[in-house]
Amino acid sequence: MLLKMEKITKRFPGVLALDNVDFDLREGEIHALVGENGAGKSTLIKILGGVHQPDGGRIILNGQEVHFSSPVDSQKAGISVIHQELNLAENLSVAHNIFLGREKGSWWNIDHKRMRKEAEEILKRLSFNLNPSAVVRELNVSEKQLVAIAKALTLNARIIVMDEPTATITEHEVERLFSIMKDLKKNGVSIIFISHRLDEIFSVADRVTVLRDGKKVASGLVEDFTKDELVRLMVGRSITDMYPKYNVPKDEVIFEVEGLEVPGFVKDVTFNVKRGEIFGVAGLVGCGKSELALGLFGAVKSYFKKMKLFDAEVKEIKNPMDALKLGIVMIPEDRKKMGLILDLDIVKNIATANSNLVAKLVNISWRKAKSLSNEAIKKFSIKASSIKQLTKNLSGGNQQKVVLAKYLFREPRLVILVEPTRGIDVGAKVEVYHLINDLANRGTGVIFISSELPEIVSLCDRVLVMHRGRQITILEGNEITQENILRAATGVEVA
Ligand SMILES: Nc1ncnc2c1ncn2[C@@H]1O[C@H](COP(=O)(O)OP(=O)(O)OP(=O)(O)O)[C@@H](O)[C@H]1O
Ligand SMILES: [Mg+2]
């Protein structure tokens, strides 16, 4: 056995994140780690990566007990970790990030040209469509994820740990990543892979370990489990209807936009959303779907020929304040950057977004804010030690749930959901799907943007597919299939 983690225990204030967890890894295998949001997956990985110290247990690498008191120790031991919350140097270029800490040239004279060239080769080999000179700050979350993957792969590690690497990338890049993982495996590299998408576990992993509430509840060969069994082990109950759909589309158009343009990203997009409908937007990374959302919300500069919301003409949306005043809400995809104030607790995050509900003239009613927060925790099954927990200390999926709770209390007139189920576990996903159906039925216009085709196909009444910033088609009814979406998304016109 290459790696053994024995009886690992980790406590945080108010929570036992890991309770005597055993985990092992063979040479040249892909071992998946699954579990609900807050189950302890990232914590286990952070202990292996030297980010956290365990309160109990030991790590044995190659038959020898090791202690990692910092990430550098772990990296030196041949372990390369892609953390869920990517830690990239935002102000440096893609190339520099890939070689960070191992810069080409000398420290007084970094050879940027050489790094750029080598990064270009690496990215080409991986067929990741990224400009090595681009500054990371300017990239969207998917592109950042690709940078982190490229960086981890070039460390020549023996163990590569990937904490939800596929959460933010699309089908196309996922397939690329999987073929890279299989190649690495052939070369004896071992991989720990975390994902909430069970299909991925079955297509790429050899073994799987399930955590629930900080405990290991099962471990074995992937082929010895069915998908339903894994779900049951993860959430402790069976889920019969993964994609509930009961929204009822009406004929009444409640939102329309004509000739929408986001300079540099989106060109000439025209569509409408009907009452009760779930209107989907799909496309590959970089197709402009995130920018379309930002544009509609006024978060980036956008122009349109015409826009109407509930019979009222909208002249322009200059900024998010304009959008919010009109009742347009966007659930952003980058929760770290736009969705949450990480240094504040759950109550304050929810209160700031819902000041109209909690404020009496100028004073915020904390009682009201607290009761809203408790309601949110119940409604979205947010796993937190209390509503006073800082959101930066929540697990990734639970942060996403706070973002949803924060914006959906408002009863918006039009909601733009950008990858709303990203990073959340199967049980919580079903909750979000119910919520989307409910929103649509209550008369809120729903624009649902997602890279996860199964949910687009199962939930949407119509789907606009984009390619290189342009609208290729709007699929309807039984035209909505994964195949048709992919064909349109790669620029092949649908008949
Ligand atoms: N730095 C921290 N301080 C306090 N609590 C923490 C900290 N990090 C994690 N926790 C808590 O430990 C538990 C396990 O969190 P962890 O991030 O390991 O979950 P996870 O399985 O990775 O979930 P997800 O699927 O949402 O990413 C959660 O209850 C979380 O709130
Ligand atoms: Mg996690």
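Residues numbered from 1 in each chain as written. Chains lettered and ligands numbered in written order. Predicted model: local features only at pLDDT ≥ 70, side-chain atom pairs only at ≥ 80, totals over all residues. Heavy atoms only, no water.

## Considering the overall build of the chain
Piece 1. If you tally the helices and strands in the chain, you get 18 helices and 24 strands.
Piece 2. Taken over the C-alpha trace, the chain has a radius of gyration of 23 Å; the compact-globule value for 495 residues is 23 Å, and the two agree within 12%.
Piece 3. Taken along the three principal axes of its C-alpha coordinates, the chain extends 70 × 55 × 50 Å.
Piece 4. With 495 residues in all, the chain has 55% of them scored as buried. (Helix = DSSP H or I, 4+ residues; strand = E, 2+ residues; numbered from the N terminus. Rg over C-alpha atoms; globule rule 2.2 N^0.38 Å. Buried < 20%, exposed > 50% of the residue type's maximum accessible area, 1.4 Å probe, protein only.)

## Describing the side chain of Thr43
Piece 1. By the element assignment, Thr43 lies in helix α1 (residues 41–48).
Piece 2. By relative accessible area, which is 12% here, Thr43 ends up buried.
Piece 3. If near-sequence neighbours (up to four positions away) are discounted, Thr43 is found in contact with Lys10, Phe12, Ala17, Leu18 and His52. (Contact = heavy atoms within 4.5 Å.)

## Remarks on the environment of Phe128
Piece 1. With respect to the element layout, Phe128 can be found in the loop between α4 (112–125) and α5 (141–153).
Piece 2. Overall, Phe128 belongs to the buried group, its relative accessible area being 5%.
Piece 3. Those residues in contact with Phe128, other than ones at most four positions away along the chain, are Leu123, Leu146, Ile149, Ala150, Arg176 and Ile180.

## Concerning the coordination of the magnesium ion (ligand 2)
Piece 1. With distances of 2.0 to 2.1 Å, the protein atoms coordinating the magnesium ion (ligand 2) are Ser42 (OG) and Gln84 (OE1). Of the two residues, Ser42 is situated in helix α1 and Gln84 in the loop between β6 (79–82) and α3 (94–98); the sequence distance between them amounts to 42 residues. Across the pair, Gln84 and Ser42 agree in class, each one buried. (Donors = N, O, S within 2.8 Å, 3.2 Å for Na, K, Ca; no water.)

## Quick word on the packing of helix α12 (residues 346–353) against helix α14 (residues 366–379)
Packed helix pairs are characterised by how far apart their axes lie and by the angle those axes make with each other.
Piece 1. Taken N-terminus to C-terminus, the directions of α12 and α14 make an angle of 105°; their axes are 9 Å apart at the nearest point. Of the possible angle classes, the one that applies to α12 and α14 is roughly perpendicular. Judged by residue contacts, Ile346, Val347, Lys348, Ile350 and Ala351 of α12 engage Trp366, Ala369, Lys370, Leu372, Ser373, Ala376 and Ile377 from α14.
Piece 2. Looking at side-chain class alone, the contact of α12 with α14 contains 9 nonpolar, 1 polar and 2 charged residues. (Axes fitted to C-alpha atoms, helices over the stretch in contact; angles between N-to-C directions. Parallel < 35°, antiparallel > 145°, perpendicular 65-115°, else oblique. Nonpolar A, V, L, I, M, F, W, Y, C, P; charged D, E, K, R; others polar.)

## Some thoughts on the sheet that holds strand β1 (residues 3–12)
Piece 1. Strand order in the open sheet formed by 4 strands is β2-β1-β4-β5, with antiparallel pairing between adjacent strands. Two strands bound the open sheet, and with one partner strand each, they are β2 (15–25) and β5 (64–66). Strand-to-strand twist in this sheet, taken as the mean axis angle between neighbours without regard to direction, amounts to 30°.
Piece 2. Pairing geometry for strand β4 (residues 56–61) and β5, over 3 bridges, is antiparallel. Its bridge partner being in β5, Ile59 is matched across the sheet by Val66.
Piece 3. Where α1 meets the sheet, its contacts fall on β1, β2 and β4, and the angle it forms with β1 comes to roughly 115°. (Pairing = 2+ DSSP bridges.)

## Regarding the site of ligand 1
Piece 1. Taken together, 21 residues are adjacent to ligand 1, and Gly38, Lys41, Thr43, Ser395 and Gly397 come closest.
Piece 2. For ligand 1, an oxygen atom lies 3.0 Å from a polar atom in the side chain of Gln84.
Piece 3. Here an oxygen atom of ligand 1 sits 2.9 Å away from a polar atom, N or O, in the side chain of His196.
Piece 4. Isolated, ligand 1 exposes 640 Å² of accessible area, and the fraction of that covered by the protein chains is 92%.
Piece 5. Breaking the shell around ligand 1 down by element, the ones donating at least two residues are β2, α1 and α15 (396–408).
Piece 6. Ranked by the residues each element gives to the shell around ligand 1, the list is headed by α1, at 3 residues. (Near = heavy atom within 4 Å. Polar contact = N/O pair within 3.5 Å; in protein donor to acceptor, adjacent residues only side chain to side chain. Areas by Shrake-Rupley, 256 points an atom, 1.4 Å probe, with all protein chains shown as cover.)

## So, the pairing of strand β14 (residues 266–274)
Piece 1. Here strand β13 (residues 253–262) pairs with β14 via 6 bridges, running antiparallel. Of the residues in β14, the one forming a bridge with Val257 is Phe271.

## Regarding the nonpolar core
Piece 1. One finds Ile98, Met162, Met181, Ile191, Phe193 and Ile201 to be the most contacted residues of the largest nonpolar core, which totals 56 residues.
Piece 2. Ranked by residues supplied to this core, first place goes to α5 with 7 residues.
Piece 3. When neighbours within four sequence positions are excluded, Met181 is seen to be in contact with Ile30, Met162, Ile191, Phe193 and Val204. (Core = buried A, V, L, I, M, F, W, Y, C linked by side-chain atoms within 4.5 Å.)

## Considerations on the domain arrangement of the chain
Piece 1. According to the domain assignment, the chain contains domain 1 (3–235) and domain 2 (253–489).
Piece 2. Once you take the C-alpha centre of each, domain 1 and domain 2 turn out to be 28 Å apart.
Piece 3. Counting from both sides, the interface comprises 29 residues of domain 1 and, opposite them, 30 residues of domain 2.
Piece 4. Both sides of the domain 1 and domain 2 interface together cover about 2200 Å² of buried area, and 51% of this is carbon and sulfur.
Piece 5. Inspection of the region where domain 1 meets domain 2 yields 2 salt bridges.
Piece 6. For the salt bridge of Arg197 with Glu452, the shortest nitrogen-to-oxygen distance reads 3.4 Å.
Piece 7. In terms of residues, the side of domain 1 that touches domain 2 owes the most to one element, α5, which gives 4 residues.
Piece 8. Among the residues making up the side of domain 1 that touches domain 2, the classes are represented as 8 nonpolar, 11 polar and 10 charged. (Domains from an automatic or database assignment. Buried area = accessible area lost by both parts, 1.4 Å probe. Salt bridge = Lys/Arg side-chain N within 4 Å of Asp/Glu carboxyl O.)

## Notes on helix α9 (residues 289–296)
Piece 1. Among the 8 residues that make up α9, 8 are buried, leaving the element largely enclosed by the rest of the structure.
Piece 2. Those residues of α9 lying buried are Lys289, Ser290, Glu291, Leu292, Ala293, Leu294, Gly295 and Leu296.
Piece 3. Once α9 finishes, Gly298 follows within two positions and takes phi at roughly 75°, a positive value.

## Focus on the packing of aromatic side chains
Piece 1. Under the defined criterion, the tally for this structure stands at 4 aromatic pairs.
Piece 2. Through a chain of ring-to-ring contacts, the aromatic side chains of Phe255, Phe271 and Phe279 assemble into a single cluster. (Phe/Tyr/Trp six-rings, centres within 6.5 Å; stacked < 30°, edge-to-face > 60°.)

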